[in-house]
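Structural overview
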Amino acid sequence: MKLLVYGAGVCGSLFAARMHQAGHDVSLLARGERLTALRRQGVRLAEEDSPAVKRVPVPVIEHPDGGYDLITVFVRTHQVDTVLETLAGVPGDVLFLLNWAAGPQTLGAVIGQQRVLLGFPTTGGTMDGDVVRYRKSNAITRRVAMPIGEPDGRTTPRLERIVETFRTAGINAKAEPRMDAWLRTHAAFEVPLGQAIHAAGGPAALADAPDAVRGMLHLIRHNLAAMDPPPVPRAFTALQALPQGLLVAVLRRFLNSPTAAHSALNAPSPAAAAELERLAEQLRAPAGARY
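We now turn to the structure provided with this report. Bear in mind that the values here come from a model prediction, so they are computed numbers and not experimental data. (Residues numbered from 1 in each chain as written. Predicted model: local features only at pLDDT ≥ 70, side-chain atom pairs only at ≥ 80, totals over all residues. Heavy atoms only, no water.)

**Examining the sheet that holds strand 10 (residues 131-134)**
Basically, it comes down to this: Strands are labelled as partners when DSSP assigns at least two bridges between them. Numbering of helices and strands starts at the N terminus; helices are DSSP runs of H or I of at least 4 residues and strands are runs of E of at least 2. In this analysis an axis means a line fitted to C-alpha atoms, helices contributing only their contacting stretch, and an angle means the value between N-to-C directions, from 0 to 180 degrees.
Here four strands make up an open sheet; going across it, the order is 4-3-10-9 and the pairing mixed. With partners counted over all chains shown, the strands left at the sheet margins are strand 4 (54-56) and strand 9 (125-128), one partner each. For this sheet the average axis-to-axis angle between neighbouring strands, irrespective of direction, equals 30°. Note: strand 3 (residues 43-47) against strand 10, four bridges, orientation parallel. Looking at strand 10, one finds that glutamate 47 is bridged to tyrosine 134.

**What to know about the nonpolar core**
Cut-off, in case you're wondering: What is meant by a nonpolar core is a set of buried Ala, Val, Leu, Ile, Met, Phe, Trp, Tyr and Cys residues, joined one to another through side-chain atoms within 4.5 Å. Accessible area is worked out with a 1.4 Å probe on protein chains only. A residue is then buried under 20% of its type maximum, exposed over 50%, and partly exposed in between. Contacts were defined at the residue level, with two residues in contact if any of their heavy atoms lie within 4.5 Å.
Phe15, Ile148 and Phe166 are the most contacted members of the largest nonpolar core, which has 34 residues in total. Elements with a contribution of two residues or more to this core: strand 1 (2-6), helix 1 (10-21), strand 2 (25-29), helix 2 (32-41), strand 3, strand 7 (93-97), strand 11 (146-149) and helix 5 (157-168). When residues in this core are grouped by element, the largest group, six residues, is from helix 1. Excluding anything up to four places from it in sequence, isoleucine 148 contacts Leu95, Leu118, Gly119, Leu159, Ile162, Val163, Phe166, Ala173, Lys174, Ala175, Glu176 and Met179. Residues Tyr6, Leu98, Ala102 and Leu107 belong to the second largest nonpolar core, which totals 28 residues.

**Some words on the pairing of strand 11**
How we decide: A clockwise path from the first strand over the helix to the second, with the strands pointing away from the viewer, defines a right-handed crossover.
Burial along strand 11 is two-sided: the residues Met146 and Ile148 and Pro147 and Gly149 are all buried. In terms of strand pairing, strand 11 meets strand 12 (residues 173-175) through three bridges, oriented parallel. The partner of proline 147 across the bridge, within strand 12, is lysine 174. Of the crossover connections in this fold, the one passing from strand 11 over helix 5 to the parallel strand 12 is right-handed.

Fair warning: the whole summary comes from geometry, so function is off the table for now.
This is the structure we're talking about:
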């Protein structure tokens, strides 16, 4: 498979490195200082706080050259418009692995509806200079599969082929028939969480402010209640049904966990704030306005 990975942040770099190590013809697209660093040293990976840094020589490019079997996009929500303009004339299926609550039709209107697939990365970590510090895997995280789906929910040959290709590269992927609803559900949770963490100054600081956690939970519940169709996966309905005190305790424990510490939640930035604002706008849009 000839693969283009568009976006050289944490998730894109990890994905490109794993596909390269599995023997695929993969190129990683980057710009600016990140491009310079990748050309000089390749993708540099380290597990959480480990001093051991591994170098993976993934080919890196500044502009796509075409002929791709699949283009995977790992960028922030507010950067998607620029990506769509770039990819409009570059042939190949495009798998958007990112936060997106505006529906697949808004993507297909620019690059062609038949090219669009949706998904969400389950890897995470932070950038330490030019080193990607990724979360340590455990028995629980290894069971969490990366969801990928067709916009219309069908299980097509190309979806099966992509899922199988990722699995053979050691990436736990699965076909998700309700990917659009999955992404909107994630955004309904992610926006209040991310904005509360940003306001508090980090996940640990938010954990130390139970009133702020209760306010965040109230907004999450409001978002989930307003969803049409209902949340996917259905487990998210527990955030509406379980007692507030129990949920606040669980959320505070998560915010103090290594998972939160070694994730993008612990790296607030203007780009993260801009992404959350764009996601919030998408959630506020009526369902009909997304198509």
